[in-house]
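Here's the letter readout for the chains.
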Amino acid sequence: MQGTTVRRVGLVLAATVLTGVAACTSQESSDTPDLDRAARGRALDALRAAERATEHAESARVESTTTMGALMSMTADGTLGWSDGITGTLTIKYTGGTIADTMRRLGTTSMEARYLPEAYYARMGEKFAEQTGGKRWIRYAYEDLEALAGGSGAHLGDQMRSTTPNQSVKLLLSSGDVRKVGEERVGGRPAAHWSGTVTAADVADDGLRKQLTEAGVTTETVDIWIDKRNLLVKKVERARMATGLMTQTARYADYGVAVRAERPPTSDTGDFQDLMREQPGTS
């Protein structure tokens, strides 16, 4: 693989992998019958309380695992805040799939990602920096993601900005069959387990509905666990997509934790759009 090709693939994969942390997912429709009105009312009341509490907490520590068929498997660990747009820092590790194989050829199996309200930054490996004039960081402005894959990345910015835990609660509020599965323990503490299926047509939030539609999703399954403080402590989302079954599991803890996400030095940062334009054969 020639240097310019390696660099181009790395630029696109870094964007795809990082936004994949927030991707909406889907699976086949559930056969669970509609709940009676009273039970659904109780479920919605509990979920609205969780949405408010989680949103007001404004930050949390997150640990997640994501698989996308044979394409990719990865883990993410760090802190995220959502009081004024998304901010935070995550360490992302590639654990399998064709994307992980490609990233190894780029000289890295992990990546630091820093999220700020207007853009996110990816720290690539030293081998990749050799192809970018020594710059170790790539800046992705959310609006610039429309350039990915002929426009297929148009809503990746929306996905990234909706990665906060209360978004899973919002999705489940749209479910026609949301139900309480039972009481379980998460991280040694009791939590209520809620589950449901969501169709794109049912989602009231424009941004979330776009995510489902752009991904070709018709139905999504969502499971969440809510603790006694009405805070989301775990979620599992599943999908059947063109690349295979997608599954994402995330755990949230330390709500209210201090979050830092500093912009990397300008001298060590290349802009995604500029780097793409510099490559031969991209005009």
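All values derive from a computational prediction rather than experimental measurement.

**Observations concerning the pattern of salt bridges**
By the definition in use, this model includes 16 salt bridges. Across the salt bridge formed by E112 and R114, the nearest N and O atoms sit 2.8 Å from each other. E112 sits in the partly exposed class, given a relative accessible area of 25%. Classification of R114 as buried rests on a relative accessible area of 18%. It is possible to trace a salt-bridge network through shared partners that takes in R123, E126, R136 and D268.

**Thoughts on the packing of aromatic side chains**
Considering all chains together, one arrives at 4 aromatic pairs under this definition. Taking the centre distance of 5.7 Å and the plane angle of 50 degrees together, the rings of Y115 and Y120 count as tilted. Each ring, one from Y140 and one from F272, has its centre 5.0 Å from the other, and the planes form 35 degrees; the classification is tilted. Placement of Y140 in strand β6 (residues 137–141) and of F272 in helix α8 (residues 272–277) is noted, with a sequence separation of 132 residues between them. Residues Y140 and F272 agree in their burial class; the two are buried. An aromatic cluster is built from Y115, Y120, Y140 and F272, whose rings are joined through pairwise contacts. Residue placement shows K234 over the ring face of W225; its charged tip is 4.5 Å from the ring centre.

**Some points on the packing of helix α2 (residues 37–57) against helix α6 (residues 166–173)**
The geometry of α2 relative to α6 is characterised by a closest axis approach of 9 Å and an angle of 160 degrees between their N-to-C directions. The angle between α2 and α6 places the two elements in the roughly antiparallel class. Viewed along their axes, α2 and α6 form a crossing whose handedness is left-handed. Contact residues: α2 offers R40, L44, L47, R48, A50, E51, T54 and E55, while α6 offers N166, V169, K170, L172 and L173. Across the contact of α2 with α6, the residue classes break down as 6 nonpolar, 2 polar and 5 charged.

**Examining helix α3 (residues 97–105)**
Among the residues of α3, those classed as buried are I99, A100, T102 and M103. Seen end-on, α3 carries its buried residues on one side only, within an arc spanning 160 degrees. Backbone geometry just downstream of α3 places G107 in the positive-phi region, at approximately 95 degrees.

**Let's talk about α6**
By the criterion of burial, α6 is predominantly enclosed, with 7 of the 8 residues buried. Within the span of α6, buried status applies to N166, Q167, S168, V169, L171, L172 and L173.

**Regarding the confidence of the model for the chain**
The predicted model of the chain has a mean per-residue pLDDT of 77, with 71% of residues at 70 or higher. The secondary structure element of the chain with the lowest average pLDDT is helix α5 (residues 156–161), at 49, and the one with the highest is strand β7 (residues 179–186), at 94. The low-confidence segment residues 1–6 (pLDDT under 50) makes 8 contacts with residues lying over four places distant or belonging to another chain. Under a pLDDT of 50 for its full length, residues 149–158 has, in the predicted model, 15 contacts with residues more than four places off or in other chains.

**Brief notes about the layout of surface pockets**
Over the atoms rolls a probe the size of a water molecule, and its path tells where empty space is left. Reported here for the second largest pocket is a volume of approximately 310 Å³. Lining the second largest pocket are 16 residues, and of these V186, V233, Y252, A253 and D254 sit closest to its centre. Residue assignment for the lining of the second largest pocket shows that the elements contributing at least two residues are β1 (59–68), β8 (189–199) and β11 (244–253). When its residues are assigned to classes, the lining of the second largest pocket shows 8 nonpolar, 1 polar and 7 charged.

**Quick notes on the environment of R139**
With respect to the secondary-structure elements, R139 resides in strand β6. With a relative accessible area of 23%, R139 lands in the partly exposed category. Among residues more than four places away in sequence, those in contact with R139 are E118, A119, Y120, Y121, T269, G270, D271 and F272. At 3.3 Å, the side chain of R139 and the side chain of Y121 are in polar contact. Looking at R139, its side chain comes within polar contact range of the side chain of D271, at 3.3 Å.

Quick notes on the rules
- Residues numbered from 1 in each chain as written.
- Predicted model: local features only at pLDDT ≥ 70, side-chain atom pairs only at ≥ 80, totals over all residues.
- Heavy atoms only, no water.
- Salt bridge = Lys/Arg side-chain N within 4 Å of Asp/Glu carboxyl O.
- Buried < 20%, exposed > 50% of the residue type's maximum accessible area, 1.4 Å probe, protein only.
- Phe/Tyr/Trp six-rings, centres within 6.5 Å; stacked < 30°, edge-to-face > 60°.
- Helix = DSSP H or I, 4+ residues; strand = E, 2+ residues; numbered from the N terminus.
- Lys NZ or Arg CZ within 6 Å of the ring centre and 35° of its normal.
- Axes fitted to C-alpha atoms, helices over the stretch in contact; angles between N-to-C directions.
- Parallel < 35°, antiparallel > 145°, perpendicular 65-115°, else oblique.
- Left-handed = near helix turned anticlockwise from the far one by under 90°.
- Contact = heavy atoms within 4.5 Å.
- Nonpolar A, V, L, I, M, F, W, Y, C, P; charged D, E, K, R; others polar.
- Arc of directions from axis to C-beta.
- pLDDT = per-residue confidence, 0-100.
- 1 Å grid on protein atoms, 1.4 Å probe; cavity = no way out; pocket = protein on both sides within 12 Å on 5 of 7 lines; lining within 4 Å.
- Points joined across faces, edges and corners; volume = space filled by probe spheres on them.
- Polar contact = N/O pair within 3.5 Å; in protein donor to acceptor, adjacent residues only side chain to side chain.

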